[in-house]
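Overview (structure and organization)
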Amino acid sequence: DSFVDLGGDSLSYVELATRLSDRFPRGLPAGWHTRSIAELTRLSATDPATDRPHRQRRRRVRLDTTVALRALAILFVVASHVDLVPLEGGAHLLLALAGFNFARFQLSSAGGPRVRLRHGLSGLAQLVVPSVLWVGAVAVVLGSYGPATALFVRQFFNSSVWTDQWQLWFLESLVWITAAALALTCLPVLHRLERRDPFRFALVVVAVAAAARFAEVGLRAGPTQRYTTLVVAFLFALGWLAARASTTRQRLLVTVLAAGLVVGYFGQAHREAIVLGGFVLMLWLPHVSVPPRVAQAAGVLAGASLFIYLTHWQVYP
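First, a word on what this report is: a plain description of the structure on this page. Keep in mind that what you see is a predicted model, and the values were worked out from it rather than measured. (Residues numbered from 1 in each chain as written. Predicted model: local features only at pLDDT ≥ 70, side-chain atom pairs only at ≥ 80, totals over all residues. Heavy atoms only, no water.)

A short note on the layout of surface pockets
Quick reminder of the rule: Lining residues are those with an atom within 4 Å of a point, where the points come from a 1 Å grid over the protein atoms alone and group into cavities, where a 1.4 Å probe fits but cannot get out, or pockets, open sets with protein on both sides within 12 Å along at least five of seven lines. Grid points are joined across faces, edges and corners, and a volume is the space filled by probe spheres set on the points. Nonpolar residues are Ala, Val, Leu, Ile, Met, Phe, Trp, Tyr, Cys and Pro. Charged residues are Asp, Glu, Lys and Arg, and all others, Gly as well, are polar. Helical segments are the DSSP runs of H or I of at least four residues, strand segments are the runs of E of at least two, and each set is numbered from the N terminus.
The space that makes up the largest pocket amounts to roughly 490 Å³. Around the largest pocket sit 25 residues that line it, and G31, H33, F100, R104 and P286 are the ones nearest its centre. Grouping the amino acids of the lining of the largest pocket by side-chain chemistry returns 14 nonpolar, seven polar and four charged. The calculated volume of the second largest pocket comes to roughly 410 Å³. Lining the second largest pocket are 18 residues, with A180, V205, V208, A209 and A233 positioned closest to its centre. Contributions of two or more residues to the lining of the second largest pocket are made by helix 8 (169-186), helix 10 (198-217) and helix 11 (229-244).

Here we look at the side chain of E172
Heads up, the condition is: Any N or O atom pair separated by 3.5 Å or less is treated as a polar contact, with the protein-specific requirement of one donor-capable and one acceptor-capable atom, and with residues adjacent in sequence counted only for side-chain atom pairs.
Along the polypeptide, E172 turns up in helix 8. There is a polar contact of 2.8 Å between the side chain of E172 and the backbone nitrogen of Q155.

Some thoughts on the pattern of salt bridges
Where we set the bar: For salt bridges, the criterion is a side-chain nitrogen of Lys or Arg within 4 Å of an Asp or Glu carboxyl oxygen. Here's how the labels work: a residue is buried when its accessible area is under 20% of the maximum for its type, exposed when over 50%, partly exposed in between, all with a 1.4 Å probe on protein chains only.
Applying the stated criterion to the full structure yields seven salt bridges. With a closest N to O distance of 3.9 Å, D64 and R104 form a salt bridge. Of the two residues, D64 sits in strand 1 (residues 61-64) while R104 sits in helix 5 (residues 90-106), which places them 40 residues apart along the sequence. As far as the burial class goes, D64 and R104 line up, both buried. R244 serves as the salt-bridge partner of E194, at 2.8 Å between the closest nitrogen and oxygen.

Details of the side chain of Q167
Defined as follows: Note on definitions: a residue-residue contact is assigned when non-hydrogen atoms from the two residues lie within 4.5 Å.
Relative to the helices and strands, Q167 resides in the loop between helix 7 (147-150) and helix 8. Ignoring anything within four residues of it in the chain, the contact list for Q167 reads Y145, W162, Y309 and W313.

Concerning unusual backbone geometry
Despite not being glycine, D83 has its phi angle at roughly 60°, a positive value. Of note, D83 is situated in the loop between helix 4 (65-81) and helix 5. Phi at F152 is positive, roughly 60°, even though this residue is not glycine. Position of F152 among the secondary structure elements: in the loop between helix 7 and helix 8.

Observations concerning empty space enclosed by the protein
For the structure on display, the rule yields one cavity of 30 Å³ or more. Of the voids in this model, the largest cavity is the one considered here, and its volume is about 340 Å³. Lining the largest cavity we find 23 residues, and of these S10, L11, A98, L127 and L174 sit closest to its centre. Elements supplying a minimum of two residues to the lining of the largest cavity: helix 4, helix 5, helix 6 (113-141), helix 8 and helix 15 (305-315). Tallied by class, residues from the lining of the largest cavity come to 14 nonpolar, seven polar and two charged.

So this is what it looks like as structure tokens:
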């Protein structure tokens, strides 16, 4: 069995990737999530960098770029919300990372639509259940959120004025976009099309999401429009497309598309630089070289990013 065959998702991969990095100091093997456990064991045994003396001497390790970006993104989110530094854009980058990991894990497992649906619903449950429990508890105890926010249906009662009910827009959008992507790819005919040509299928998804965004807000999204599900879906789709790009030509095309869709979206250069810069790193650089302690800290932050996002609104005040 491989990680994806066992139902691995974008929440559980952080812990596994962090643990595996100790077995593969020079970087995780390409496509590690689709390789069997037995194959990973053999590859680890033949890697000379895993012997103890070498491990004691090494000063840097190779960390999965998506883990590093997830840790940075949640740091940016909290730092901007507490008015420490203006580093907005982390949550939008997390959406692109979610799309990337959706394609890598949810869409890469063997089996038909039923297997994909079962794994996808399991991943959604790991996201939705703790979120609804926490937000519901906060709504009851503190009165900070209304029932629509606690049930992630606030956007059906949309408002153009920012209130505390908007605070969890990222999770609400992530839940609905992931559910829609799962429903789309579990239809038998679309499942077969996606299996036959993953890159072109993802390209069509980007085109549809981008068309929805431009029809709704045009080039630049407004102060609250930039947080609505229909408008931000193109970022998830771009991440999905990035995961399906397997050649240099395809990556160049994805880079151009990302630049064309992100630049001008916020009307704020620093936000666009954070989102686009992180996306390009995710697309072109599988690993980053960091000190071991930095890798450990990044793994903890990335693995806890969902719970940090959920709770920081009540913690930092």
